[in-house]
Amino acid sequence: MLALSLLLPIVFLLTLSPKFISKFINKLIVYYYLIVLMLVVYIESATFPFFTQYDVRPNYLFVEYLEHIQEVSAMLIADYKLALLFTFVVMFVVAKLYLKNIRGRFLSSFELSYIKRVAILVPLLLIFVIGIRSSFGHRPANISDALYSSNRVLNEVTKNSLYSVLYAIYANKYESNVKGYGSMPIDDAIDRVKQRLNIQSDHSDYIFNRAITTNFVQQKPKNLVIFIQESIGAQFVESIGGEAGITPNFNKLSSEGILFTDAYSNGTRSIRGLAGLVAGNFSVPGKGVLKRNKSQQDFFTMASLLKPKGYETVFLYGGESRFDNMKSWFSGNGFDRIVEQTDFIDPQYVGSWGVSDEDLVIRSNQEFRKYHKNNQKFAAVMFSTSNHAPFDYPEDQIELVEGVKVKSVKNAIKYADHAIGKFIKLARQEDYYQDTIFVIAADHDVRVYGDDLVPVNRFHIPALILGEDVVPEKYSKITTQPDILATALDLTGVNELTYPIQGHSIFSDKKKNIALMQFNDYYALRQDDKVAVIRPGKEALTFIYQDEKLNPIDHDIGLEQDALAFVLTLDHIYNNNLHR
């Protein structure tokens, strides 16, 4: 992939350049290769001391250090004299040998006529596109494809240092820029967020870390399964006010567990919902944490919390786990195993995004049965795929919704609901059911749209917790995805937990009626029915949320300042590795 990407400019130069500038093109290519060669030699040489220091190949730290040339230069000279000397000697020798042997090697390409050179460009480009994608799958290869093992160091060895550095530069470019939202001393911002969330931290270094005492002490703590539903909004779920006839299984189960009737997603992308339900983290400004450099290791998740308590942890996904960098993020943050599309043997149905949700629940049930048979506690995240355009699913498994196309969001959701019902039915036939807490919650709505600056009604999602000893109730207060995670952990009965989840269990008297929603680069902070919206470079605004619409009211300066505080604090937590 990387080699072909670096060769691509040469292809254009050799096929499209006229012969009368051939000597110039030859010289240009010679020195282009020299620069690339020196870069490769330097980075590969630097890999050894960098790996010794940080236990990883050069990554975002390598790039960040370049911002502090004076300090880094002093450190290199002080601590790595021999390594630097060796690297420069190797670079000099390689450059000498290269220039001695390369000379006019590229001039022979111009012996072909211009028409012939242009003619071979198309097949060459086809070969290069295939090579650069490095995959005939639904998505191109990325750095997470280097993750072959549960051994992190082994995974690091399989990576390419130059690619790792270039990927870090690319990722950093799109991470975040919070300056446009406004400014506030970070200590003031943190205090505002703590007060608004009603979190008193026990740990001065990590902003939200606090010790939690469970409300459900168990002699034998329960397993935890979080079944995350792709793109199901409340608008499709009758039991929380949505359309009838689309989710009969969820509606039936709603009376058998804790139904969150007013739950809200972090944002409008799966990576935002995953961060909320798996890591208890609100949406950071810019790119989501699953795809960002600093959150690929030592970032808090339910897995990193429960592993020290003797839990085996697994992420089960019917598609390719490298999508949205999930494989890297999950494996780097506490998950022992990842089960993805290639691990399914003879699936019943395979669509554009992977195996069907029924295949996922059957395989998940088999995995959980094995854990229970081995007397092994487990914590699992399941992530569905069927409800995603182009809405591929086995059509013969459901009674189709009338009046809509077969391949439509409503039918795909009805099939996803069918899989939910099948999963719980299968689980209830197994011994592990009585020892397990089940969460069924959506990552976000299928499509967030509307005239409001932030269409709050389209962040409304279904969420339900089931279990043998879970007392059924309808919880009607505002709930966030971090709140749902905190509640599920509370119900497992695991005591003496310390975590930085940005929410509370609904059984805690500290729980506030609050939600934070991200819509593109807009943020909405909701307290009860009052909503503050902040936007980069624009004045903050305050609304009353009524009849599923935002109605403008006079500025609530405190709420608007708190919305800004959330953005600044979330950015600060990420950049300083404090969600751990």
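Shown above is the structure to which this text applies.
Residues numbered from 1 in each chain as written. Predicted model: local features only at pLDDT ≥ 70, side-chain atom pairs only at ≥ 80, totals over all residues. Heavy atoms only, no water.

Visitor: Would you mind going over the overall build of the protein with me for this structure?
Guide: A tally of helices and strands in the protein yields 18 helices and 20 strands. Here the C-alpha atoms of the protein give a radius of gyration of 27 Å, agreeing with the 25 Å that 2.2 N^0.38 yields for 580 residues. Dimensions of the protein along its principal axes, counting C-alpha atoms only, are 80 × 55 × 55 Å. In the protein, which comprises 580 residues, the share counted as buried stands at 54%. Put simply, of all contacts in the protein between residues at least 6 apart along the chain, 72% involve residues at least 24 apart. Counting only carbon and sulfur atoms, one obtains 56% of the accessible surface of the protein, whose full area is about 26200 Å². Averaging the locations of the 60 positively and 63 negatively charged side chains of the protein gives two centres separated by 9 Å. (Helix = DSSP H or I, 4+ residues; strand = E, 2+ residues; numbered from the N terminus. Rg over C-alpha atoms; globule rule 2.2 N^0.38 Å. Buried < 20%, exposed > 50% of the residue type's maximum accessible area, 1.4 Å probe, protein only. Contact = heavy atoms within 4.5 Å. Areas by Shrake-Rupley, 256 points an atom, 1.4 Å probe, with all protein chains shown as cover. Lys, Arg positive; Asp, Glu negative; His and termini not counted. Charge placed at Lys NZ, Arg CZ, Asp CG, Glu CD.)

Visitor: Teacher, can you tell me more about the sheet that holds strand β13 (residues 473–475) here?
Guide: Note on sheets: strands pair through backbone hydrogen bonds, and any given pair is parallel or antiparallel. Across the sheet, 8 strands lie side by side as β6-β5-β9-β2-β10-β12-β3-β13; this open sheet has mixed pairing. Among the strands making up the open sheet, the edge pair consists of β6 (337–339) and β13. The mean inter-strand angle of the sheet, taken between neighbouring strand axes irrespective of direction, is 15°. Both strand β3 (residues 258–260) and β13 contribute to a ladder of 3 bridges, which runs parallel. Each residue of the ladder has a partner; that of Leu259, found in β13, is Lys474. (Pairing = 2+ DSSP bridges. Axes fitted to C-alpha atoms, helices over the stretch in contact; angles between N-to-C directions.)

Visitor: What should I look at first to understand the packing of helix α1 (residues 2–16) against helix α7 (residues 121–133) in this one?
Guide: In helix packing, the relevant descriptors are the interaxial angle and the interaxial distance, both defined with respect to the helix axes. Contact pair α1 / α7: the axes reach a minimum separation of 10 Å and the direction vectors enclose 175°. Our classification of the angle between α1 and α7 gives roughly antiparallel. Two secondary-structure elements touch here, α1 through Leu4, Ser5, Leu7, Leu8, Val11, Phe12, Thr15 and Leu16 and α7 through Leu121, Leu124, Leu125, Phe128, Gly131 and Ile132. (Parallel < 35°, antiparallel > 145°, perpendicular 65-115°, else oblique.)

Visitor: Looking at this structure, how should I read the pattern of salt bridges?
Guide: Two side chains with opposite charge may pair up if their charged atoms get near one another. Under the definition given, this model contains 23 salt bridges. Lys220 is the salt-bridge partner of Asp435, the closest N and O atoms lying 3.6 Å from each other. Remark: Lys220 occurs in the loop between β1 (210–212) and β2 (223–229) and Asp435 occurs in the loop between α16 (409–428) and β10 (436–442); sequence separation between them is 215 residues. If you follow the salt bridges from partner to partner, you end up with Arg192, Arg196 and Asp562 in one network. (Salt bridge = Lys/Arg side-chain N within 4 Å of Asp/Glu carboxyl O.)

Visitor: Looking at this structure, how should I read the packing of helix α15 (residues 357–373) against α16?
Guide: Closest axis-to-axis distance for the α15/α16 pair is 9 Å, and the angle between their directions is 20°. As summarised for this structure, α15 and α16 are arranged roughly parallel, according to the angle between their axes. With respect to the hand of their crossing, α15 and α16 are arranged in right-handed fashion. Contacts between α15 and α16 involve Asp357, Glu358, Val361, Ile362, Ser364, Asn365 and Phe368 from the first element and Tyr415, Ala416, His418, Ala419, Lys422, Phe423, Leu426 and Ala427 from the second. Taken together, the residues that form the contact of α15 with α16 break down as 9 nonpolar, 3 polar and 3 charged. (Left-handed = near helix turned anticlockwise from the far one by under 90°. Nonpolar A, V, L, I, M, F, W, Y, C, P; charged D, E, K, R; others polar.)

Visitor: What's the story with α15 in this structure? I'm lost.
Guide: An α-helix turns once per 3.6 residues; consequently, residues spaced three or four apart project the same way. Between its first and last C-alpha, α15 extends 24 Å over 17 residues, near the 24 Å set by a 1.5 Å rise per residue. Among the residues making up α15, those that are buried are Asp357, Glu358, Asp359, Leu360, Val361, Arg363, Ser364, Asn365, Glu367, Phe368 and Tyr371. In this structure, the buried side of α15 is in contact with β2, β5 (312–317), β6, β8 (354–355), β9 (378–383) and α16. Following α15 by one or two positions, Asn375 has its phi on the positive side, about 60°. (Expected span 1.5 Å × (residues − 1).)

Visitor: I would appreciate a short explanation of the nonpolar core in the present structure.
Guide: A general feature of soluble globular proteins is that nonpolar side chains tend to end up buried together. Counting residues in each nonpolar core, the largest one holds 119 residues, and the members touching the most others are Phe330, Phe368 and Phe423. Per-element accounting of this core gives the leading share, 10 residues, to helix α18 (residues 557–575). Phe423 has contacts with Val225, Phe227, Val361, Ser364, Phe368, Met382, Tyr432 and Phe438, leaving out every residue within four places of it along the chain. Counting residues in each nonpolar core, the second largest holds 15 residues, with Val456, Met517, Val531 and Val533 among its members. (Core = buried A, V, L, I, M, F, W, Y, C linked by side-chain atoms within 4.5 Å.)

Visitor: When you look at a nonpolar patch on the surface in this model, what are you seeing that I'm missing?
Guide: Nonpolar side chains collect at one region of the surface, where Leu82, Leu85, Val89, Phe92, Val93 and Leu97 lie side by side and expose about 620 Å² of accessible area between them. Positionally, Val93 belongs in helix α5 (residues 81–102). Overall, Val93 belongs to the partly exposed group, its relative accessible area being 39%. (Patch = residues over 30% accessible without salt bridge, like charges linked within 9 Å, V, L, I, M, F, W, Y side chains within 5 Å.)

Visitor: Help me understand the side chain of Arg57 in this model?
Guide: Relative to the assigned elements, Arg57 resides in the loop between α2 (22–54) and α3 (60–65). In this structure the side chain of Arg57 is engaged in a polar contact, spanning 3.0 Å, whose partner is the backbone oxygen of Val157. Only 2.6 Å separates the side chain of Arg57 from the side chain of Ser161, close enough to count as a polar contact. Each residue touching Arg57, except ones within four places of it in the same chain, is listed here: Glu44, Thr47, Phe50, Phe51, Glu156, Val157, Lys159, Asn160 and Ser161. (Polar contact = N/O pair within 3.5 Å; in protein donor to acceptor, adjacent residues only side chain to side chain.)

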